[in-house]
Amino acid sequence: MPELCRLTPQSPWWELTTTDQDWDEADPQLLGTLLAHCALIRGFEETVLDLAAQGLVHGPAHSSIGQEGGAAGSIVGLKASDGVNGSHRGHHQFLSKALAYLHPRGIDPKAKIDAAVQGLLQKALAEILGLSQGYCRGRGGSMHLRWAEAGALGTNAIVGGGVPMAAGQAWAYRHAGTDDVMITYFGDGAVNIGSVLETMNLAAAWKLPLCFFIENNRYAVSTAIEDSTAETRLSSRGSAFNIPSWKVDGMDPLAVHVAMQQALAHMRSGQGPTIIEADVYRFFHQNGPYAGSAFGYRTKEEEAAWRQRDPLLLLARRMTARGLLTESDVQALHDRVKAAMDDAVQALTVIEGPAAGGDEAPNASGTSSTAARHAGKRQIRAALWPSPDFRDVGILGDLSEMQGARYAAEPDMAEGASGSPGSADGSNHVAVSDRKFIDVVADVMARRMQQDASVIVMGEDVHRLKGGTNGATRGLSQLYPDRCLGTPISENAFVGLAGGMALDGRYKPVVEFMYPDFMWVAADQVFNQIGKVRHMFGGDSDVPLVLRTKVAMGTGYGSQHSMDPAGIFATSPGWRIVAPSTPFDYVGLMNTALRCKDPVLVIEHVDLYNATALGPIDDYDYCLPVGRACVRRRGTELTVITYLSMVHHAAEALDQTGISADLIDLRWLDRASLDWDTVGESIRKTNNVLIVEQGARGTSYGGWLSDEIQRRFFDWLDQPVQRVTGGEAAPSISKVLERAAAARTEEVIEGLRCVMQQKGAA
């Protein structure tokens, strides 16, 4: 018979409950602050639901009525410099953190509501209504609330989506030498999300000061927790990652506060992350002013039982029992909150009717309509809507950070040819010689890490194998062991962590995706989070992040390791895209990417790594301008537009055919940065265009580019834009099928012949 030895987790797991003694000995100021926070949140949420019932909340209204105790209990003990982020149901956490920031010493529930709190209530309500005076200028609405100054670092509409970002903020706190902590709030529905579990593992491995706060309200929309997991005690997840965990009654704000104080002591002492599971209950449905029982997934009896455990009733009962408040004091508090919310509503809306004056509300098209007015109907004040001109502002930054950058001339312009970019002092010449591409990749990153302590490199194996799988991070882990971070295989977690690190503002993460296909694994963080965060939260948040990856066509790594990501990123707003084709360009473009305060994708190609071309000898500090293409050769018969390794294949094809063409190396591929001046000048001269790329037709970059060229330059084109791409299918492992799937010199030659035939030339 085998011997069995029962194993026990290394980390402790507690269930915490308060006693009468705890309540009797609790600081009166703490209890008063908890009550004031809960009452303000409750009054705010009741107003939101009332406005939603009137049709004034465009989009969802995920109320937190019933869950106030978890937010207040966990937040009133935080410092202003601590941070929180949350989920789509996050009004209560946002408000509690903002209230704690405005009144760090607490709030007297008997006191009047001051101007600062009144401003908070109105500005938060304005955001939920989509108005320009909101915290995100109306772009965030109910699900995206951020006030960075107060440490409220963003609520999130993707279930579990904000958790990796929170880890990045926690890393920044620790690396900066502070004892600040980060709390990330999410519900029972998010506990089984991959990005959440990945982040728990990463936070524990790196000992990040991050509290995973699980609001277990028992339902993911209408799906009961018992239908989702066999272990309904969700704090048990901590045992798998060696994270100390607490399970607590979330309807008891004091119990939550005590648990959080214990968790804070653990995190502030540098011992790593914690988990708190708070059992709470949302009194209303997932969205809107209706009870869950109205939809049949909960019973009225269940709802009534939980309402008897209302955290506001518990606080009021305990405080009146101790003589700290009277029942009239409690009622007066609710009356003041109601009056404050009425004032906020009055400031943002107006009663419209045939006999009433005032502003007219916009109709569905955004214009005012007298026909849409009804007697006694409340409407948004028209003057408070954001201007339609604000639609695209803040997708990317204004590049003001590039002022003062030192730009270098192209190597073939070293004698001062006209048109070469230069710095203000004219020091634009760089000594060059033949250099291997991969060597300058490593050299420029080493230089930047030497000169700029804010640069952080992370990715799978970047700290091993003498510089990762290709040598791009050679020597960095030995020189900067705390800034060259080898990660677990968990792209969602570590790229999201980098996003949170970038939003902190003190660091510039450089993330390596070993292969671009892995972006699909991390698509939420790459596109929904990092790509959208600046615009979503009002356009003011810098996101200085560089994502490096390589195209590996021709290496035999098959369908899931070979794609060109340019086409996908180009159609996903919020990213700048760089594709260097020479060692000289790589240095200048990487320096520009690191100086930029937008997320930048830097695409490399394995075919270039061991190739030799002109590169800097000892100068790794110059930049190349954002949005500047390079004309690699000039001609008259057509315009060839390409990037990355296909620049060299296109040049070979032109040499072999003898065709006279402008060969444009785009370098910058995103819509905002593409050099339309250079492209347009060439098209007006040649009147014929061939776009050349290597990758699959289905994810083609040239698809959108050809459409845009034909829209912009239709009158100058003698024929439709022609394209060279790879095949429909992704590359296969077979050497023969892999070659058939990718475009190279032979395919470019065929494309050139096609263009010339359409011109009527031999």
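If you're wondering where the values come from, they're calculated on a predicted model, not measured in any experiment. (Residues numbered from 1 in each chain as written. Predicted model: local features only at pLDDT ≥ 70, side-chain atom pairs only at ≥ 80, totals over all residues. Heavy atoms only, no water.)

1. Examining the UniProt feature "domain: Transketolase-like pyrimidine-binding" (unreviewed entry) in the chain
- When the UniProt feature table is mapped to this numbering, "domain: Transketolase-like pyrimidine-binding" (unreviewed entry) covers residues 435-611.
- Spanning residues 435-611, this segment combines 38% helix with 18% strand, and its end C-alpha atoms are found 8 Å apart. (UniProt positions renumbered as here; feature names shortened; annotations may be inferred. Helix = DSSP H or I, 4+ residues; strand = E, 2+ residues; numbered from the N terminus.)

2. Focus on the packing of aromatic side chains
- This structure, assessed with the given rule, holds 19 aromatic pairs.
- Taking the centre distance of 5.5 Å and the plane angle of 70 degrees together, the rings of Phe437 and Tyr586 count as edge-to-face. Taken together, the residues span a long stretch of sequence, with Phe437 in helix H13 (residues 437-451) and Tyr586 in helix H19 (residues 583-595) at a distance of 149 residues. For the pair formed by Phe437 and Tyr586, the shared burial category is buried. (Phe/Tyr/Trp six-rings, centres within 6.5 Å; stacked < 30°, edge-to-face > 60°. Buried < 20%, exposed > 50% of the residue type's maximum accessible area, 1.4 Å probe, protein only.)

3. Points about the side chain of Arg298
- Here Arg298 is to be found in the loop between strand E9 (274-279) and helix H10 (300-307).
- Here Tyr281 takes part through its side chain, which lies 3.1 Å from a polar atom of the side chain of Arg298.
- Among residues more than four places away in sequence, those in contact with Arg298 are Tyr219, Tyr281, Arg282, Phe283, Phe284, Gly292, Ser293 and Glu303. (Polar contact = N/O pair within 3.5 Å; in protein donor to acceptor, adjacent residues only side chain to side chain. Contact = heavy atoms within 4.5 Å.)

4. Comments concerning the sheet that holds strand E24 (residues 722-724)
- The five strands lie next to each other as E20-E22-E21-E23-E24, forming an open sheet whose pairing is mixed. With one partner strand each, in any of the chains shown, strand E20 (630-633) and E24 form the two edges of the open sheet. Taking the axes of each pair of neighbouring strands and ignoring which way they run, one obtains an average angle of 25 degrees across the sheet.
- Where strand E23 (residues 689-692) meets E24, three bridges bridge the pair, whose relative direction is parallel. Bridge pairing links Val692 to Val724 in E24. (Pairing = 2+ DSSP bridges. Axes fitted to C-alpha atoms, helices over the stretch in contact; angles between N-to-C directions.)

5. Concerning the sheet that holds strand E18 (residues 600-605)
- A sheet is described by the order of its strands in space; here six strands give the open sequence E14-E13-E15-E16-E18-E17, paired in parallel fashion. Either end of the sheet is taken by a strand with one partner, and the two such strands are strand E14 (484-486) and strand E17 (576-578). Going across the sheet, the axis of each strand differs from the next one's by a mean of 20 degrees, ignoring polarity.
- Bridge count for strand E16 (residues 546-551) against E18 is six bridges, and the pairing is parallel. Within E18, the residue paired with Thr549 across the bridge is Ile603.
- Of the strands in this sheet, strand E13 (455-459), E14, strand E15 (508-513), E16 and E18 are in contact with H13, which crosses E13 at around 135 degrees.

6. Digging into the confidence of the model for the chain
- In this model, the chain carries an average pLDDT of 93, and 95% of its residues clear a pLDDT of 70 or more.
- Segment residues 355-374 is flagged for pLDDT under 50; beyond a separation of four residues in sequence, or across chains, it makes 33 contacts in the model.
- For residues 413-427, every residue scores under 50 in pLDDT, and the model assigns this stretch 21 contacts once sequence neighbours within four places are set aside. (pLDDT = per-residue confidence, 0-100.)

7. Re the nonpolar core
- Counting 132 residues, the largest nonpolar core has Phe513, Tyr701, Leu705 and Ile709 as its most contacted members.
- Beyond its immediate sequence surroundings of up to four residues, Phe513 is in contact with Glu491, Phe494, Val495, Phe518, Met519, Ala522, Val526, Leu547, Arg548, Thr549 and Lys550.
- If you look at the next biggest cluster of nonpolar residues, it comprises 87 residues, including Leu264, Ala316, Leu325 and Ile380. (Core = buried A, V, L, I, M, F, W, Y, C linked by side-chain atoms within 4.5 Å.)

8. Thoughts on the pairing of E13
- Of all five residues that make up E13, five are buried, and the element is covered over most of its length.
- With burial as the criterion, each face of E13 is covered, one bearing Val455, Val457 and Gly459 and the other bearing Ile456 and Met458.
- Strand direction decides the pairing type here: E13 and E15, joined by five bridges, are parallel. If you follow Val457 over to E15, its bridge partner there is Val510.
- Pairing between E13 and E14: three bridges, direction parallel. Across the sheet, residue Gly459 finds its bridge partner in E14, namely Gly486.

9. A short note on unusual backbone geometry
- A positive phi angle, near 60 degrees, is found at Leu644, a position not held by glycine.
- Looking at the secondary structure, you find Leu644 in the loop between strand E21 (638-642) and helix H21 (646-657).
- Backbone geometry at Arg667 places phi at a positive 65 degrees, although glycine is not the residue there.
- Structurally, Arg667 is set in the loop between strand E22 (661-665) and helix H22 (676-686).

10. Quick word on the side chain of Thr349
- Looking at the secondary structure, you find Thr349 in strand E10 (residues 349-352).
- According to the relative accessible area criterion, Thr349 is buried, its value standing at 1%.
- In this structure the side chain of Thr349 is engaged in a polar contact, spanning 2.7 Å, whose partner is the backbone oxygen of Val345.
- Once residues within four sequence positions are removed from consideration, Thr349 is found in contact with Leu56, Arg378, Gln379, Ile380 and Arg381.

11. Notes on the environment of Phe186
- Inspection of the secondary structure assignment puts Phe186 in strand E4 (residues 182-187).
- With 366 residues separating them in the primary sequence, Phe186 and Ala552 have C-alpha atoms 38 Å apart.
- Residues within four places of Phe186 in sequence aside, it is in contact with Ser87, Val163, Val191, Val196, Met200, Phe212, Phe213, Ile214 and Glu215.

12. Notes on the domain arrangement of the chain
- The domains assigned to the chain are domain 1 (13-348), domain 2 (400-409 + 433-616) and domain 3 (630-758).
- Each of domain 1 and domain 3 has a C-alpha centre, and the two are 53 Å apart. (Domains from an automatic or database assignment.)

13. Notes on the environment of Glu750
- Here Glu750 is to be found in helix H25 (residues 745-759).
- Owing to a relative accessible area of 51%, Glu750 belongs among the exposed residues under this scheme.
- Sequence separation between Glu750 and Thr473 is 277 residues, and the spatial gap between their C-alpha atoms is 38 Å.

14. A short note on the packing of helix H2 (residues 28-53) against helix H3 (residues 68-75)
- At their nearest, the axes of H2 and H3 sit 9 Å apart, and the two run at 140 degrees to each other. Our classification of the angle between H2 and H3 gives oblique. Where H2 crosses over H3, the two elements pack in a sense that is right-handed. Two secondary-structure elements touch here, H2 through Leu34, His37, Cys38, Ile41 and Arg42 and H3 through Glu68, Gly69, Ala72 and Gly73.
- A per-class count over the contact of H2 with H3 returns four nonpolar, three polar and two charged. (Parallel < 35°, antiparallel > 145°, perpendicular 65-115°, else oblique. Left-handed = near helix turned anticlockwise from the far one by under 90°. Nonpolar A, V, L, I, M, F, W, Y, C, P; charged D, E, K, R; others polar.)

15. Re the state of the cysteines
- Overall, the coordinates contain zero disulfides when judged by the stated rule.
- With no disulfide of its own, Cys596 lies 11 Å from the sulfur of Cys623, the closest cysteine sulfur. (Disulfide = S-S within 2.5 Å.)

16. A few points about the packing of H2 against helix H12 (residues 327-348)
- Between H2 and H12, the shortest axis-to-axis distance is 9 Å and the interhelical angle comes to 45 degrees. Taken as axis vectors, H2 and H12 run oblique relative to one another. The two elements H2 and H12 cross, and the hand of that crossing is right-handed. Contact residues: H2 offers Leu35, Ala36, Ala39, Leu40, Gly43, Phe44, Thr47 and Leu51, while H12 offers Leu333, His334, Val337, Met341 and Val345.
- A class-by-class count of the residues in the contact of H2 with H12 yields 10 nonpolar, three polar and no charged.

17. Concerning the pairing of E4
- Counted residue by residue, E4 has five buried out of six residues, so it is predominantly covered.
- Examined bridge by bridge, strand E2 (residues 83-86) and E4 share three bridges and lie parallel to one another. Across the sheet, residue Val84 finds its bridge partner in E4, namely Ile183.
- Two strands pair when backbone bridges link them, and E4 and strand E5 (residues 210-216) are joined in this way by six bridges, in the parallel orientation. From the neighbouring strand, Gly187 faces E5, where its bridge partner is Glu215.

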